[in-house]
Each structure stands twice: as C-alpha cells, then as structure tokens.
Amino acid sequence: MTGNGALGRVYEPGELIVRQGDEGDCMFVIQDGEVEILVEEDGTEALLRVAGRNEILGEMAIFEHQPRSATVRAKSRARILTLDKGALVVGTIEALATEAAT
C-alpha cells in the first residue's frame, strides 16, 4: 500500500475512519487491511467485530440518512474506498446501461 491513491485512502493503525453519531453520507469498501467496529455506551467502547478486505460498511447511511451507529477505526494499515450516494447512483446507472447493451 502507498499513501493516498486513486482507489482509496490509506489509514494507519488506530486512525479514525468514522465516529459513532457522525452524519452518514457515504459508505466504505475495505480494499485491504482490517478495521475495528466499536460502539460507545456510557463512555466505554466495546468491540463489535473486526472487518476486513472486500467488506462494505455504512451502506445503510446513504439511504436512511441516520447518524452512524458505530465508530470504525483502522486495526492495521488499511486502504478504504469511500463512496457517496452520487457515486453509487452513477455506478448503478452505468452498470445497468452496460447490461442492457449486451
């Protein structure tokens, strides 16, 4: 992995990707590495699970416009692709057009 690339941003271990309670306006695809998914309650963090390569996180935030329900933090060096609703819609339309043309 290298620094910031065209296909995602690199997060170092311990670096915050998204915080519980933040506005949810995008989703994430883990391209490489691992992240921790944590929830905070009464000032204490609890690990829900570890997510890794090819997993998608935060997709419901795009459609439901809800605050983030968990914090996501890099467990190891991780490359994360961020997609907002616009990118998702454009990609879906392009995929449908390609499928219809074949």
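The following paragraphs examine the structure supplied in this document. (Residues numbered from 1 in each chain as written. Predicted model: local features only at pLDDT ≥ 70, side-chain atom pairs only at ≥ 80, totals over all residues. Heavy atoms only, no water.)

**Side note on the overall build of the chain**
Link 1 in the chain: When helices and strands are tallied, the chain shows two helices and eight strands.
Link 2 in the chain: Along the chain, from the amino end to the carboxyl end, the secondary structure elements read β-β-β-β-β-β-α-β-β-α.
Link 3 in the chain: The buried share of the chain, taken over its 102 residues, is 29%.
Link 4 in the chain: Pairs at least 24 residues apart make up 72% of the contacts formed inside the chain by residues separated by at least 6 positions.
Link 5 in the chain: Surface exposure of the chain reaches about 6,400 Å², of which carbon and sulfur atoms provide 53%. (Helix = DSSP H or I, 4+ residues; strand = E, 2+ residues; numbered from the N terminus. Buried < 20%, exposed > 50% of the residue type's maximum accessible area, 1.4 Å probe, protein only. Contact = heavy atoms within 4.5 Å. Areas by Shrake-Rupley, 256 points an atom, 1.4 Å probe, with all protein chains shown as cover.)

**Here we look at the nonpolar core**
Link 1 in the chain: I17, V35, L57, V72 and I80 are the most contacted members of the largest nonpolar core, which totals 15 residues.
Link 2 in the chain: Broken down by secondary-structure element, the contributors of at least two residues to this core are β2 (16-18), β3 (26-32), β4 (35-41), β7 (71-74) and β8 (78-84).
Link 3 in the chain: Broken down by element, this core gets its largest block of residues, three residues, from β3. (Core = buried A, V, L, I, M, F, W, Y, C linked by side-chain atoms within 4.5 Å.)

**Details of the pattern of salt bridges**
Link 1 in the chain: In total, this model carries six salt bridges according to the counting rule given.
Link 2 in the chain: Residues E36 and R73 are paired through a salt bridge, measuring 3.4 Å at the closest nitrogen-oxygen approach. One end of the pair, E36, is in strand β4; the other, R73, is in strand β7, with 37 residues separating them in the sequence.
Link 3 in the chain: Under the relative-accessibility criterion, E36 is labelled buried at 18%.
Link 4 in the chain: A cluster of three or more residues bridged by salt bridges with shared partners is formed by E36, E45 and R73. (Salt bridge = Lys/Arg side-chain N within 4 Å of Asp/Glu carboxyl O.)

**With respect to the sheet that holds β8**
Link 1 in the chain: Pairing is antiparallel in the open sheet, where four strands are placed in the order β1-β8-β3-β6. Among the strands making up the open sheet, the edge pair consists of β1 (9-11) and β6 (56-57).
Link 2 in the chain: Where β1 meets β8, three bridges bridge the pair, whose relative direction is antiparallel. Bridging across to β8, R9 finds its partner in I80. (Pairing = 2+ DSSP bridges.)

**Thoughts on the environment of V18**
Link 1 in the chain: Counting through the fold element by element, V18 comes out in strand β2.
Link 2 in the chain: Note on V18: relative accessible area 8%, which makes it buried.
Link 3 in the chain: Taking the C-alpha atoms as reference points, V18 and A70, 52 residues apart in sequence, are found 8.0 Å from one another.
Link 4 in the chain: Excluding residues within four positions of it along the chain, V18 makes contact with F28, R68, A70, T71 and V72.

**Description of the environment of V35**
Link 1 in the chain: If you trace the backbone, V35 turns up in strand β4.
Link 2 in the chain: Since its relative accessible area comes to 0%, V35 is described here as buried.
Link 3 in the chain: Considered as a pair, V35 and P13 are 22 residues apart in the sequence and their alpha carbons are 8.5 Å apart.
Link 4 in the chain: Among residues more than four places away in sequence, those in contact with V35 are I17, I30, R49, V50, A51, L57, V72, R73, A74, K75, A78 and I80.

Keep in mind that these numbers describe shape and distance, not what the molecule does.
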